[in-house]
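A closer look at the structure
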Amino acid sequence: MIRRPPRSTPKPSSAASDVYKRQEMVGAAGTSSNATRADARRERRGGLARRERGVGRRAWVERRSGVGRRETMTRTRAFDGRDAAEVGRAAADSFEPKYVRKPVPVYVMLPLNVVTNDGEVNDPEALERGLRALSEIGVEGVMIDVWWGIVERDGPRKYDWAAYREVIDMIKDAGLKVQAVMSFHACGANVGDVVEIPLPDWVLEAGKKDPDLFFTDQYGYRNPECISLWADNAATLAGRTPMNTYKDFMISFRNTFKAELGTTLTEIAVGCGPCGELRYPAYPENRFAQKASQWRFPGIGEFQCYDQRSLLSLSRAASEAGHIEWGGSGPHDTGGYNNLPFETGFFRYDGGSWDSEYGSFFLSWYSSELVNHGDRMLEMTKRVFDKRGVTLAIKCAGVHWWYNVRSHAAELTAGYFNTRAGEFVSERDGYAPIVRVCKKHGARLNFTCVEMHDSDHPWYCYCGPEGLLRQIRSACARFDVPFAGENALCRFDQAAYDKIIKNCAGEGNDEEMWREGTMLPPMACFTFLRFNAELFSPFAFESFRIFVQRMRDETGLLDTSIGDTSDEEASTEDVDEISSESRVQLGL
């Protein structure tokens, strides 16, 4: 039967107070006679126990439990002459629940400017207090952007890790783990970017000498947020290629933090584009460098393939396809950043150029160039961190606006060839190729929109964050790629928390259906956006604490198996020995 600690130990819950009192009385009596034990057993078998006698062990092993309390999994037998204090201590030591599947761990994303542009820790006292507070409520770890523009700001191969060393030490002292993002992009051009962190000055200078180093739109605007993927192997950065530069940066990081790799540092996410995501900068806001052509929600964005290297690649692909006339430039009827799909010839729902032989050619080329870039970045990262005990990851963007129209216009400009079936183009899963790359390199896929409902957005934007999230998670399930989630916007409301918990928990416990993609497995982890002053306000932090507790309680699957008994014995013996509190939590 399940026993609780003596009254000197605080009771975590009052859900089974009557059972607690009876057990305390039995414990005070020392070793009971057979008759006394039989009486106590008959008493326990009343009510719920009798109704549940037909429940077999296998039936309730498979049921998800919200139990997160230590006391509910304790099983002790007769006292065998021990006093109450001794039994209480033994029971308390055995209260740790055992899981068939562990709960989804929660991480928190640190501020974008946790290290300042000058290479100093931003408000270290507040950071240390915040880290300890997160650790105390059960947060697993934190995510930190390791900015290229800060670490290598003084010149090529001149790395300054001092501030990051200090931050990593604080995190380690707090008992937290670290997801480190190799941020080879600038900060300040996207939703939620509240600070400006540019690329290193010497990189921007190289861009002045070689303007095609950056992505370029049809108007000739060159975006300095990140280096164009078509320049990956161009030796324009002080004699090095961007790929070599990224590699040298990560090698320096590896050598600096080699003692923490695999222990404190458990994940390395490599930035593959704007906002650290594997996509094109198709919808830049550029709050710190406003341009007349810049994007506003829910604009469709623009293709970013007008620098000379991209046009050379396009012309080569057109020639190989037998249509040299397709290689001169990108599509001519795509509108601008803030157009809507039906306002353009290319993206309109019916009869749009996307649904044509030319559209299929162009979109296949545009998306495959992006996938190949992600493949190169992951291959390089895997070589740098091979056998270091860390998980590799890349991140995709949650382009959910216009998801519920046939052309998926905003996804197309971002580089995801993800469309419904048209007259010429078949239905495409634009994320499966990226998931295959993750599978190839043993990497995790990070994605956002976990807190969103479709109804959160205006109906006329045809947003579909729920369908988009399910599509990508289904692809990850089919290819057995771990999926990690994030919230897109910083929210502390109950609706967002409920949605996150539901998504993280997954569906069912059938691995075969997971592999088919018909049901979704639990997420590998969840990272909350973001560590800021609002999070640590009294109301928000209390709601977040409850959220973290609920993640532990509601996303794991408890191991409720008891011994090697037969199903018949389990139905009459074992089920009777589950406490009434466990019954409530297990749904028995």
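Residues numbered from 1 in each chain as written. Predicted model: local features only at pLDDT ≥ 70, side-chain atom pairs only at ≥ 80, totals over all residues. Heavy atoms only, no water.

**Topic: the overall build of the chain**
Our working rule: Put simply, DSSP marks the helices as runs of H or I at least four residues long and the strands as runs of E at least two long, and each gets a number from the N terminus on. The contact rule is simple, with two residues in contact once any of their heavy atoms fall within 4.5 Å. Accessible areas in this description were obtained via Shrake-Rupley with a 1.4 Å probe; residue shielding takes into account the shown protein chains only.
Within the chain, the secondary structure is distributed over 20 helices and 12 strands. Sequence separation of at least 24 residues holds for 76% of the intrachain contacts in the chain that already meet a minimum separation of 6. As presented, the chain carries roughly 24500 Å² of accessible surface, and 50% of it is formed by carbon and sulfur atoms.

**Let's talk about helix H8 (residues 162-173)**
The line we're drawing: Any helix carries an expected span of 1.5 Å times its number of residues minus one. For the exposure calls, accessible area comes from a 1.4 Å probe over protein chains only, and a residue counts as buried if that area is under 20% of its type's maximum, exposed if over 50%, partly exposed in between. Directions drawn from the helix axis to the C-beta atoms are what define this arc.
The end-to-end C-alpha distance of H8, which contains 12 residues, comes to 17 Å, matching closely the 16 Å that a straight helix rising 1.5 Å per residue would cover. Inspection of H8 places Ala163, Tyr164, Val167, Ile168, Met170 and Ile171 among the buried residues, and these make up the whole buried set. Take H8 and look down its axis: the buried residues cluster within an arc of 155 degrees, on one side only. Residues of H8 that are buried sit in contact with helix H6 (124-136), strand E3 (141-147), helix H7 (148-151), strand E4 (177-183) and strand E7 (265-270). Positive backbone phi, approximately 80 degrees, marks glycine 175, located one or two places after H8.

**Things to note about the pairing of strand E10 (residues 483-486)**
Definition in use: Strand pairing is assigned whenever DSSP detects at least two bridges linking the two strands. We call a crossover right-handed when, viewed with both strands directed away from the observer, the connection leading from the first strand over the helix to the second proceeds clockwise.
On E10, burial covers both faces: Phe483 and Gly485 on one face and Ala484 and Glu486 on the other are all buried. The pairing of strand E9 (residues 443-447) with E10 spans three bridges and is parallel. Paired with asparagine 446 across the two strands is alanine 484, which belongs to E10. Crossover handedness for the path E9 to helix H15 (residues 465-478) to E10: right-handed. Here E10 pairs with strand E11 (residues 525-528) via three bridges, running parallel. Bridge pairing links alanine 484 to cysteine 525 in E11.

**Focus: the sheet that holds E10**
Going by this rule: Lines fitted to C-alpha atoms define the axes, with helix axes restricted to the stretch in contact, and inter-axis angles between N-to-C directions lie between 0 and 180 degrees.
Taken in spatial order, the eight strands close into a barrel running E2-E3-E4-E7-E8-E9-E10-E11, and their pairing is parallel. Sheet twist, expressed as the average angle between the axes of neighbouring strands with direction ignored, equals 30 degrees. This element, H8, spans E3, E4 and E7 of the sheet and lies at about 175 degrees to E3. Across the sheet, helix H18 (residues 538-554) lies against strand E2 (106-109) and E11, angled at about 145 degrees from E2, the strand it touches most.

**Structural notes on the packing of aromatic side chains**
For the record, the criterion: The pairing test for Phe, Tyr and Trp rings, Trp by its six-membered ring, is centres within 6.5 Å, and the orientation test on the planes gives stacked under 30 degrees, edge-to-face over 60, and tilted for anything in between.
Counting across every chain of the model gives 47 aromatic pairs. Ring centres of tryptophan 148 and tryptophan 202 lie 6.2 Å apart, and the angle between their planes is 85 degrees; this geometry places the pair in the edge-to-face category. Within this pair, whereas tryptophan 148 is found in helix H7, its partner tryptophan 202 is found in helix H9 (residues 201-209), the two being separated by 54 residues in sequence. The same class applies to tryptophan 148 as to tryptophan 202, namely buried.

**What to know about a nonpolar patch on the surface**
As a reminder of what qualifies: Two distance rules govern patches: like charges are joined within 9 Å, and nonpolar side chains (Val, Leu, Ile, Met, Phe, Trp, Tyr) within 5 Å, applied only to residues with over 30% relative accessible area and no salt bridge. The term salt bridge refers to a pairing of a side-chain nitrogen on Lys or Arg with a carboxyl oxygen on Asp or Glu at a separation within 4 Å.
On the surface, Trp459, Tyr460 and Tyr462 cluster together to form a nonpolar patch covering roughly 410 Å² of accessible area. Note on placement: tyrosine 462 falls in the loop between E9 and H15. Judged by its relative accessible area of 33%, tyrosine 462 falls in the partly exposed class.

**Some words on the confidence of the model for the chain**
The cut-off we apply is this: pLDDT measures the predictor's confidence residue by residue and takes values from 0 up to 100.
On average, residues of the chain carry a pLDDT of 82, and 76% of them reach 70 or more. Below a pLDDT of 50 lies the segment residues 1-95, which in the model reaches 156 contacts outside its immediate sequence neighbourhood of four places, other chains included. Confidence drops under pLDDT 50 across residues 562-586; counting only partners more than four residues distant or on other chains, this segment forms 66 contacts.

**Overview of the pairing of E7**
Along E7, six of the six residues are buried, which leaves the element largely enclosed by surrounding structure. As defined by bridge partners, E7 adjoins strand E8 (residues 391-395) across three bridges and the pair is classed as parallel. Among the inter-strand pairings, alanine 269 is bridged to a residue of E8, identified as alanine 393.

**Overview of the environment of tyrosine 497**
Residue position: tyrosine 497 is located in helix H16 (residues 494-505). Look at tyrosine 497 and you get buried, because its relative accessible area is 2%. A sequence separation of 53 residues divides tyrosine 497 from arginine 550, and the C-alpha atoms of the two residues are 9.3 Å apart. With residues up to four places along the chain from it excluded, the contact list for tyrosine 497 reads Arg491, Phe492, Phe528, Ala540, Ser543, Phe544 and Phe547.

**Describing the environment of aspartate 493**
As a reminder, the rule being used: Polar contact is the term for a pair of N or O atoms within 3.5 Å; when the atoms are in protein, one must be able to donate a hydrogen and the other to accept it, and sequence-neighboring residues count only if both atoms are side-chain atoms.
Relative to the elements of secondary structure, aspartate 493 occurs in the loop between E10 and H16. A distance of 3.0 Å separates a polar side-chain atom of aspartate 493 from the backbone nitrogen of alanine 496.

**Thoughts on the pattern of salt bridges**
Pairs can form between side chains of opposite charge once their charged atoms are near each other. Counted according to the given criterion, the structure contains 30 salt bridges. The closest approach of N and O atoms between aspartate 429 and arginine 478, which form a salt bridge, is 3.2 Å. Remark: arginine 478 occurs in helix H15 and aspartate 429 occurs in the loop between helix H13 (409-414) and helix H14 (432-441); sequence separation between them is 49 residues. Here arginine 478 falls in the partly exposed class, since its relative accessible area comes to 35%.

**Overview of helix H11 (residues 308-320)**
The periodicity of an α-helix, 3.6 residues per turn, causes residues three or four positions apart to be oriented the same way. The end-to-end C-alpha distance of H11 is 18 Å, a good match for the 18 Å that 13 residues give at a rise of 1.5 Å each. The set of residues buried in H11 consists of Ser310, Leu311, Ser313, Leu314, Ala317 and Ala318. Along the axis of H11, the buried positions cluster into a sector of 160 degrees, meaning they face one direction only. The exposed residues of H11 that point more than 90 degrees off its buried face are Gln308 and Glu320. In this fold, the buried residues of H11 make contact with helix H12 (357-384).

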